[in-house]
Amino acid sequence: MNWTAGYNSSIAYTTSYCHEQSPSFLNACLVMQRVSPLSVDKFSYCELGFGQGLTSLILAATHPNGDFYACDFNPLHVLAAESVRNEAGLPNLTLLENDFGELAQGMVELPQFDYITMHGIISWVTDETRAQIMQFLRRYLKPGGVVQVSYNVMTGCAQILPLQRLLKMGAKQGGDAWTNASALAKKLASADALHFRRNPDSLTRINDFNAMDERYLVHEYLQETWRPFYFADIAREMSEAKLTFAGSASFSHMLPAEWLTDAQRELVDGIHDPIEAEELRDYCANRAFRRDIFVRGKALLSDSRLREQAEHIYVWGNMSVAYKPVVEVEHAVVTRGDEFHQLLFALLRRSEMTLAQIFNAPEFAGLSLDAILKLVRLSIAVGETSVRYGAAQPREMAERLNAVLLSRVERGEVWNALASPRLGGGAGVGTLDQLLLASLHEKTDRTKALTRDASELVARIKRSLAATGLRLRIANAQVPDEQIETRVGHILADSGKKLIAHSEELGFWISQKTAGR
Ligand SMILES: C[S@@+](CC[C@H](N)C(=O)[O-])C[C@H]1O[C@@H](n2cnc3c(N)ncnc32)[C@H](O)[C@@H]1O
């Protein structure tokens, strides 16, 4: 076997950012599940399998106190991430072109880590590679250290296994692998193969292919290994590395789950082993993907320790989201019957608060800490509220990184998130919005520039669109070349102020009012 150990490296991976890997976010998740977090004053961090590196770049830029390491065996990935890191000047990020086995065997000198994270890794590598990862965790995670791991889950993915096999069969037929793979699956589904009628989730995946990034699809389906796991099996492997399940990195799945029906709750509550109970919940949600947090030594927070930690949790309302009494939480719909949800919503719209201030707010007098945690968790799960652990960090590195990402997007590279010191991580931003931001970036008064320099901004965005090859689409129709200037002008006039406000709110830029002081 060559250096890829069965991993498909024919196409470089997409440039996604994964917020669940943020130390500030992971700490918030732990506290909101009453588990003691690590200090983020000074810490060491390692990402395994970084793809194009956007997550580690953004995390290093938004956590100047952290000492970041990231590893990927694909030299193309290392080159891409190194070039952004060097241009943005991020001294706290070390990029390693090594495979997990080399690291696990101690072939590279490394510190002990507080955080080790991996997104999109363990379901796509061989058993041998997964064993190397477990060995790495055993060897390099500090006591009290935190591991974030995401993976495909058997309950929701069992139907997809035959589709994956079919795609690999199609890919072998020569020519472009993904074109042939998807063509075979589509043809079989159109020929009314009974398999797809009886397994509708599999058919839905085929129907979604056209709308997805081919680089993602190749990595998702054309791996030698594509393996969904049962939660209890992963928890057992982790326990061999002295790791205990600490909870979810998804606010929708924190306990007690809001979406269980009464009958489901009664059934799950009757299971005494917490690992088996968690696996049962995967059946209730037909869960296809898990985002788990494990810790090396799980210390629970008493009420008084929770109150102390609550001083470090910052929450604020997202201005673009309106309050709804009936909300969707991943697969389920939850009705918010009591008034407290709306009181919290109103409170967080007014200003950023710490969780400790919410605990003490007169609006919630008489509610237990757990009842308040439940309100806040649901509000975060539905996207009304954002959360960060720890005071906002110095922003210079984040600003440098954002300037580099924006200028590269103008030259046709795809980096679909920007660094947000306020979030302690990144936020997704589409290419068109990034081009608008890039055109405004160097302006001393961006709001005034929207009108004063409108024609210059439009010309720059038009040039960038041509350079990136991006086709401007509005209401699902492609805008003809001769209308691009007018349409971009309308977009800037309609949305420019909102985009500037959003960028200042998340800290992509220093607010010009603050900067001017
Ligand atoms: C599915 S991608 C996920 C990338 C990134 N975490 C993300 O979510 O954007 C898996 C990554 O792991 C890397 N990888 C796979 N097997 C590896 C190994 N044995 N050692 C080091 N890197 C590996 C691949 O090159 C690829 O970049």
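Residues numbered from 1 in each chain as written. Predicted model: local features only at pLDDT ≥ 70, side-chain atom pairs only at ≥ 80, totals over all residues.

A. Spatial organisation of the site of the ligand. Residues in contact with the ligand amount to 23 residues; listed here are only the nearest, Gly49, Gly51, Phe73, Asp99 and Gly120. Along the lines of polarity and charge, the residues of the shell around the ligand split into eleven nonpolar, ten polar and two charged. (Near = placed C-beta within 6 Å. Nonpolar A, V, L, I, M, F, W, Y, C, P; charged D, E, K, R; others polar.)

B. Examining the domain arrangement of the chain more closely. Partitioning the chain into structural domains gives domain 1 (19-153 + 229-295), domain 2 (156-212), domain 3 (313-389) and domain 4 (430-516). A separation of 36 Å is found between the C-alpha centroids of domain 1 and domain 4. (Domains from an automatic or database assignment.)

C. Spatial organisation of the pairing of strand 14 (residues 425-428). In this sheet, strand 14 lies alongside strand 13 (residues 417-420) in antiparallel orientation, the contact comprising four bridges. Paired with Ala419 across the two strands is Gly426, which belongs to strand 14. Counting the residues between successive antiparallel strands, the hairpin from strand 13 to strand 14 contains four residues, one of them, Gly424, with a positive phi of roughly 65°. (Pairing = 2+ DSSP bridges. Helix = DSSP H or I, 4+ residues; strand = E, 2+ residues; numbered from the N terminus.)

D. Layout of the nonpolar core. In this structure, Leu57, Ala61 and Leu401 are the most contacted members of the largest nonpolar core, which totals 130 residues. Among residues more than four places away in sequence, those in contact with Leu57 are Ala81, Val84, Arg85, Leu90, Leu93 and Leu401. (Core = buried A, V, L, I, M, F, W, Y, C linked by C-beta atoms within 7 Å. Buried ≥ 20, exposed ≤ 12 C-beta atoms within 10 Å, placed from the backbone. Contact = placed C-beta atoms within 7 Å.)

E. Expanded view of the sheet that holds strand 12 (residues 385-389). The strand order 11-8-12 describes an open sheet built from three strands, whose pairing is antiparallel. Each end of this open sheet is capped by a strand with a single partner; those strands are strand 11 (353-354) and strand 12.

F. Quick peek at the sheet that holds strand 1 (residues 43-48). Read from one edge to the other, the open sheet built from seven strands follows the order 3-2-1-4-5-7-6, with strand pairing classed as mixed. With one partner strand each, in any of the chains shown, strand 3 (93-96) and strand 6 (244-248) form the two edges of the open sheet. The average angle at which neighbouring strand axes cross in this sheet is 20°, direction not considered. Relative to strand 2 (residues 66-71), strand 1 is paired through six bridges, and the arrangement is parallel. Across the sheet, Cys46 pairs through a bridge with Tyr69, a residue of strand 2. Across the sheet, helix 2 (residues 54-62) is in contact with strand 1, strand 2 and strand 3; its angle to strand 2 comes to roughly 170°. (Axes fitted to C-alpha atoms, helices over the stretch in contact; angles between N-to-C directions.)

G. Spotlight on the packing of helix 7 (residues 161-171) against helix 8 (residues 177-190). Two elements in contact, helix 7 and helix 8, have axes separated by 7 Å at closest approach and are oriented at 125°. If you check the angle between helix 7 and helix 8, you find them oblique. Of the two possible hands of crossing, helix 7 and helix 8 adopt the one that is right-handed. Residues Leu163, Leu166, Leu167, Met169, Gly170 and Ala171 of helix 7 lie in contact with helix 8, whose contacting residues are Ala177, Asn180, Ala181, Ala183, Leu184, Ala185 and Leu188. Of the residues belonging to the contact of helix 7 with helix 8, the class tally is eleven nonpolar, two polar and no charged. (Parallel < 35°, antiparallel > 145°, perpendicular 65-115°, else oblique. Left-handed = near helix turned anticlockwise from the far one by under 90°.)

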